[in-house]
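# A structural walkthrough
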Amino acid sequence: GLSAESYRRQHEITVSGDNVPAPFTSFESSGFPAEILREAQNAGFSAPTPIQAQSWPIALQSRDIVAIAKTGSGKTLGYLIPGFIHLKRRRNNSQQGPTVLILSPTRELATQIQDEAVKFSRSSRISCTCLYGGAPKPPQLRELDRGADIVVATPGRLNDILEMRRISLRQVSYLVLDEADRMLDMGFEPQIRTIVKEIPAQRQTLMYTATWPKEVRKIAADLLVNPVQVNIGNIDE
Ligand code: ADP
Ligand code: MG
């Protein structure tokens, strides 16, 4: 097999942080549960994408991570699969609130994340619900009341539901800020900060972004603890 170094060079992966683990260069070497490997096979995926290969082993060590890679590079499964494994280790009561929270900028993206989560976790008894604006609240609240291990939400709608005291984030221990650059461009920083105040500090925080401008660096510095940074290709500011 390829050494970590040559795999990184070949795929333009740069990392910074202490003792960054070697990438998973194949699905077989990932050690993922059989049902997840089966779904990857069903989807026709032959190998991890570079961002997946490098961010999976870091996320599985329960470390904070900043992952910078362009659109279409497979970032969603980069955080979803370690999220499923996190859930298996925790086994919280989903009636008391989600364990995994994924913040996403738009309804469309949030829905896509939920679809991918449902597809990859269908044989794992993991429940997932989606909260977004531009749609009535009652059906979303009913879904939420049935219990969800994973909540995928846009910051605005989640903030509204928090204000209504219809969700508790006290059990969240795996927080994903997906498309962080877009969320900030859309003006969601105040809502994100309000939401994070409701989540215990004892958590793992993962930030996925296509670009790395100073606003994103600032919020990463405030919300992540000693993150490992993974970058694919040129840093595009
Ligand atoms: P990003 O969030 O980086 O824009 P996505 O997570 O939306 O990218 O993934 C882009 C597409 O690549 C999706 O259709 C997804 O199903 C597919 N994909 C994800 N992982 C792999 C893989 N390992 N091999 C092939 N295709 C993949
Ligand atoms: Mg994405």
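A brief report on the enclosed structure follows. (Residues numbered from 1 in each chain as written. Chains lettered and ligands numbered in written order. Predicted model: local features only at pLDDT ≥ 70, side-chain atom pairs only at ≥ 80, totals over all residues. Heavy atoms only, no water.)

One pass over the structure, following the stated rule, counts nine salt bridges. Asp222 serves as the salt-bridge partner of Lys218, at 2.8 Å between the closest nitrogen and oxygen. In this pair, Lys218 and Asp222 both sit in helix H10 (residues 214-223), four residues apart, roughly one turn of the helix. Classification of Lys218 as partly exposed rests on a relative accessible area of 49%. Several salt bridges converge on common partners, so that one network encompasses Glu189, Arg193, Lys218 and Asp222. (Salt bridge = Lys/Arg side-chain N within 4 Å of Asp/Glu carboxyl O. Helix = DSSP H or I, 4+ residues; strand = E, 2+ residues; numbered from the N terminus. Buried < 20%, exposed > 50% of the residue type's maximum accessible area, 1.4 Å probe, protein only.)

Moving on, we get to the environment of Asp18. Inspection of the secondary structure assignment puts Asp18 in the loop between strand S1 (13-16) and helix H2 (34-42). Using a relative accessible area of 52% as the deciding quantity, one classes Asp18 as exposed. For the pair Asp18 and Asn159, spaced 141 residues apart in the sequence, the C-alpha separation amounts to 35 Å. The residues touching Asp18, leaving out its near neighbours within four places in the chain, are Arg63 and Asn226. (Contact = heavy atoms within 4.5 Å.)

The next point concerns the site of ligand 1. Every one of the 14 residues lining ligand 1 counts as a neighbour, but Ala47, Gln52, Gly72, Lys75 and Thr76 are closest to it. Contact between ligand 1 and Gln52: a nitrogen atom at 2.8 Å from a side-chain N or O atom of the residue. The backbone of Ser73 places a nitrogen or oxygen atom 3.1 Å from an oxygen atom of ligand 1. Within the shell around ligand 1, the residues separate by chemical class into four nonpolar, seven polar and three charged. (Near = heavy atom within 4 Å. Polar contact = N/O pair within 3.5 Å; in protein donor to acceptor, adjacent residues only side chain to side chain. Nonpolar A, V, L, I, M, F, W, Y, C, P; charged D, E, K, R; others polar.)

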